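An overview of the molecular structure
Spelled out, the chains give:
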Amino acid sequence: MSKLLDREQMKITLERMAREIAAGVARDHAVAVVGIRRRGEVLAERLKPLLQQAGAPPRHHGALDITLYRDDLTTIGPHAVVRATEIDFDITDTWLVLVDDVLYTGRSVRAALDALTDLGRPRAIRLAVLVDRGGRELPIQPDFVGLAIKTEADANISVRLEEVDGIDEVELE
């Protein structure tokens, strides 16, 4: 195991990402931050005050469950855990920042894009990920990246967050 980010490094990384997002947001549209459940949701919550400090306060925030949009749903079948999507605003014409913990094949992001377009038509969707590990199977790229690292297909990136796991760290296993 190799530690990629500890608590302090994660904090600094999220602060940098917030500044980059703030520099790239459209000032003439409502900004929304939506996290993909589970850890993307926590990261989106952490980004909200950081975006405020960086001068781009999100007008809306939410959490997106992508379970029913996954392309492997038939293989996980009855073991799928469906959680609620909590987006209580109209995403139409918003400048939406979609947040996830790790970007790998792009399939989770594709599912999230499908789920979002079922809810409305945002002005723009920008992808922010804590870790981009390469290995795409779909033509999806992040707009904002905390840490980019190329990994082998059999490697595992573990993002642990205080709110879920009791510790803030990112490890390569």
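Residues numbered from 1 in each chain as written. Predicted model: local features only at pLDDT ≥ 70, side-chain atom pairs only at ≥ 80, totals over all residues. Heavy atoms only, no water.

**Structural notes on helix H2 (residues 39-53)**
What counts here: Elements are defined by DSSP. Helices are runs of H or I of four residues or more, strands are runs of E of two residues or more, and each kind is numbered from the N terminus. Under the convention used throughout, the expected extent of a helix is 1.5 Å for every residue step, that is, one less than its residue count. A residue's bend is given by the angle between axes fitted to the 7 residues ending at it and the 7 residues starting at it. Throughout, exposure labels follow a simple rule: accessible area from a 1.4 Å probe, protein chains only, divided by the maximum for the residue type, with under 20% read as buried, over 50% as exposed, and the rest as partly exposed. Any two residues having at least one pair of non-hydrogen atoms within 4.5 Å are treated as being in contact.
The end-to-end C-alpha separation of H2 is 22 Å, in line with the 21 Å expected for 15 residues at 1.5 Å each. A bend of about 25° at Leu47 is the largest found in H2, and the proline Pro49 appears one to four places after it. Residues of H2 that are buried: Gly40, Val42, Leu43, Ala44, Arg46, Leu47, Lys48, Leu50 and Leu51. Check the buried side of H2 and you find it contacts helix H1 (7-24), strand E2 (31-36), strand E3 (60-64), strand E4 (95-103), strand E5 (124-132) and helix H5 (162-165). Backbone geometry just downstream of H2 places Gly55 in the positive-phi region, at approximately 95°.

**Comments concerning the side chain of Asp101**
Keep this limit in mind: The sign given to each residue is positive for Lys and Arg and negative for Asp and Glu; His and the chain ends receive no count. Here a salt bridge means any side-chain nitrogen of Lys or Arg lying within 4 Å of a carboxyl oxygen belonging to Asp or Glu.
Turning to its location among the elements, Asp101 is positioned in strand E4. Buried charge without a salt bridge: Asp101, with Arg39 as the nearest opposite-charge side chain at an N-O distance of 4.9 Å.

**Looking at the nonpolar core**
Soluble globular proteins tend to pack their nonpolar side chains together in the buried interior. Here is the rule: Residues grouped as a nonpolar core are buried Ala, Val, Leu, Ile, Met, Phe, Trp, Tyr and Cys residues, joined through side-chain atoms within 4.5 Å.
Counting 32 residues, the largest nonpolar core has Leu130 and Val170 as the members making the most contacts within it. At the level of secondary structure, the elements contributing two or more residues to this core comprise strand E1 (2-5), H1, E2, H2, E4, E5 and strand E7 (157-160). Non-local contacts of Leu130, meaning those with residues more than four positions away in its chain, are made with Leu5, Met10, Thr13, Leu14, Met17, Leu43, Asp100, Asp101, Gly146, Leu147, Val159 and Val170. If you look at the next biggest cluster of nonpolar residues, it comprises 19 residues, including Ala32, Phe89, Ile91 and Ile140.

**Notes on the pattern of salt bridges**
Summed over the entire model, instances satisfying the criterion amount to 17 salt bridges. Among the ionic pairs, Glu169 bridges to Lys3, the shortest N-O distance being 2.9 Å. Taken together, the positions of Glu169 in strand E8 (residues 169-172) and Lys3 in strand E1 put the pair 166 residues apart, joining distant regions of the chain. Glu169 sits in the buried class, given a relative accessible area of 8%. A relative accessible area of 46% means that Lys3 is categorised as partly exposed. Its salt-bridge partner being Arg39, residue Asp165 comes within 2.7 Å of it at the nearest N-O pair. In this pair, Asp165 sits in helix H5 while Arg39 sits in helix H2, placing the two residues 126 residues apart along the sequence. A relative accessible area of 31% places Asp165 in the partly exposed class. The exposure class of Arg39 is partly exposed, given its relative accessible area of 22%. Salt bridges sharing common partners tie together Lys3, Arg160, Glu169, Glu171 and Glu173.

What is shown is where atoms sit, not what they do.
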